[in-house]
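Commentary on secondary and tertiary structure
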Amino acid sequence: MKTIRRLIYGEVLSAVAYVTLGFLSLFFFFDLVEEIQTVGRYAATGYSLAHALVFVALLIPSHLYELAPIAVLIGTIFVMARLAQSSEFTILRTSGLGPWRALRSLLILGVGFVVLTFALGDYLSPVADRAAQLLKARYTGRITVGQTGAWLKEKQDYGQYAVNVGQLASDGVLHDIRVFEFDNRGYLQSIMQANSAEISDDEAWQLQQVKRTEFPAEGASIARIDHLQWDTLRWPNHLSAEMVSAALLKPERMRTLDLFQYVQHLQSNAQDAQRYEIQFWRKVFYPLSCLVMVVLALPFAYLHFRAGSITTYVFGGVLAGISFFLLNNVFGYIGTLQNWQPWLAAALPGLIYSVLSLSAFGWLVLRR
């Protein structure tokens, strides 16, 4: 069995690597063509072709994470169909490789792909994507969201805050800060404006060039508005750099733990966290789809043909992989619009393909 596993694993790993390289080359080309337009637009600010190449290269881990299940499916289908075409799999079956042993062997390989996909999506991809965005922002302008920037909410024992971050600079410094302070009854107590802010390790914000306007409390005998100014001011809060990045950058590029903490923060401040909950559960279930893909590819080894091309079967694998990718995105949007349970919206594509793969395995392998 060790020899058989070594043969299958070697063939599958080589095919998956080849498919991944082809997809990444294609995405790299498309990203570079799009980025060349940005080079022409921001050449005056120093954004050159070398910067564009680095930016596109930093996007590779994100593409690799997104393409991992598709590449696993196409590569495994290619290997299984080729082994069936050359009758090698028939020889392996006569050597003692039964359906359940074949399934168990592929599942072990699938676990390895799951671990690799999780590591890509939770460690390499977030760091690379953030570095890419900050690199581009250094020459094309600061990162912002819409016309007013990102809005966050902070609830504390003595009141609550609505925080507006206008822009995120390439060095991680926040710009155009506005902090609206409310008491527990919802009355506005003060407005604080700062030109910039740096987030310390203890999650306190070090504000620069601060102007604070304090309003009289409800029912106060003297209605007076006070204006205060500081060159620097330390504002303690629980808004970490990851939370600000989540509001300004794409949530699917965050680490699973950071995304979970951000969801908890939104829920504790009575904010809608549906979109981020779905992204969290997608981060949990997405690596597991590699297991589904290897099971879906196994029945191709039991197809009986010797002559002809296996292009049709590989093309079918491409269509199946693309349909999974599209279905995964569609269910995310539908879950947000229809207010589905976040874990259900994230798990449904994998469940559907699991049923299809197990049904194909049961009908084509066990019954036939």
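For the structure given in this document, a descriptive report is provided here.

Criteria and thresholds
- Residues numbered from 1 in each chain as written.
- Predicted model: local features only at pLDDT ≥ 70, side-chain atom pairs only at ≥ 80, totals over all residues.
- Heavy atoms only, no water.
- Buried < 20%, exposed > 50% of the residue type's maximum accessible area, 1.4 Å probe, protein only.
- Helix = DSSP H or I, 4+ residues; strand = E, 2+ residues; numbered from the N terminus.
- Contact = heavy atoms within 4.5 Å.
- Phe/Tyr/Trp six-rings, centres within 6.5 Å; stacked < 30°, edge-to-face > 60°.
- Lys NZ or Arg CZ within 6 Å of the ring centre and 35° of its normal.
- Pairing = 2+ DSSP bridges.
- Axes fitted to C-alpha atoms, helices over the stretch in contact; angles between N-to-C directions.

Examining helix H9 (residues 289-297)
Here H9 lies mainly inside the structure; eight of its nine residues are buried. For H9, the set of buried residues is Ser 289, Cys 290, Val 292, Met 293, Val 294, Val 295, Leu 296 and Ala 297.

Overview of unusual backbone geometry
We note that Asp 176 has phi near 55 degrees; this positive angle belongs to a residue other than glycine. Tracing the chain through its elements places Asp 176 in strand E3 (residues 174-182). According to the relative accessible area criterion, Asp 176 is partly exposed, its value standing at 43%.

Some details on the environment of Ile 177
Turning to its location among the elements, Ile 177 is positioned in strand E3. Ile 177 sits in the buried class, given a relative accessible area of 1%. In this structure Ile 177 touches Asn 164, Val 165, Met 192, Gln 193, Ala 194, Ser 196, Ala 197, Trp 205 and Leu 207, once residues within four positions along its chain are discounted.

What about the packing of aromatic side chains?
For the structure on display, the rule yields 11 aromatic pairs. Taking the centre distance of 6.1 Å and the plane angle of 25 degrees together, the rings of Trp 151 and Phe 180 count as stacked. In this pair, Trp 151 sits in strand E1 (residues 150-156) while Phe 180 sits in strand E3, placing the two residues 29 residues apart along the sequence. Judged by relative accessible area, which is 16%, Phe 180 ranks as buried. On the numbers, 5.8 Å between centres and 25 degrees between planes, the contact of Trp 281 with Phe 285 is stacked. With Trp 281 and Phe 285 both in helix H8 (residues 274-285) and four residues apart, the pair spans about one turn of that helix. The class for Trp 281 is partly exposed, based on a relative accessible area of 29%. Chaining the aromatic ring pairs together yields one cluster made of Phe 260, Phe 280, Trp 281 and Phe 285. Here Lys 283 stacks its cationic end above the ring of Tyr 65, 5.1 Å away from the centre of that ring.

With respect to the environment of Val 12
Structurally, the position occupied by Val 12 is in helix H1 (residues 2-41). Val 12 sits in the buried class, given a relative accessible area of 0%. For the pair Val 12 and Lys 136, spaced 124 residues apart in sequence, the C-alpha separation works out to 37 Å. With residues up to four places along the chain from it excluded, the contact list for Val 12 reads Thr 76, Val 79, Leu 109 and Phe 113.

Regarding the sheet that holds strand E2 (residues 159-168)
With antiparallel pairing, six strands are arranged side by side in an open sheet as E1-E2-E3-E4-E5-E6. Every other strand in the sheet has two partners, leaving E1 and strand E6 (226-235) as the edge strands with one partner each. On average, adjacent strands in this sheet sit at an angle of 20 degrees to one another, irrespective of strand direction. In terms of strand pairing, E2 meets E3 through eight bridges, oriented antiparallel. Within the sheet, the bridge partner assigned to Gln 160 lies in E3 and is Phe 182.

Regarding the environment of Val 179
With respect to the helices and strands, Val 179 occurs in strand E3. Classification of Val 179 by relative accessible area gives buried; the value is 2%. Expressed as a C-alpha distance, the spacing of Val 179 and Gln 167, which sit 12 residues apart in the sequence, is 14 Å.

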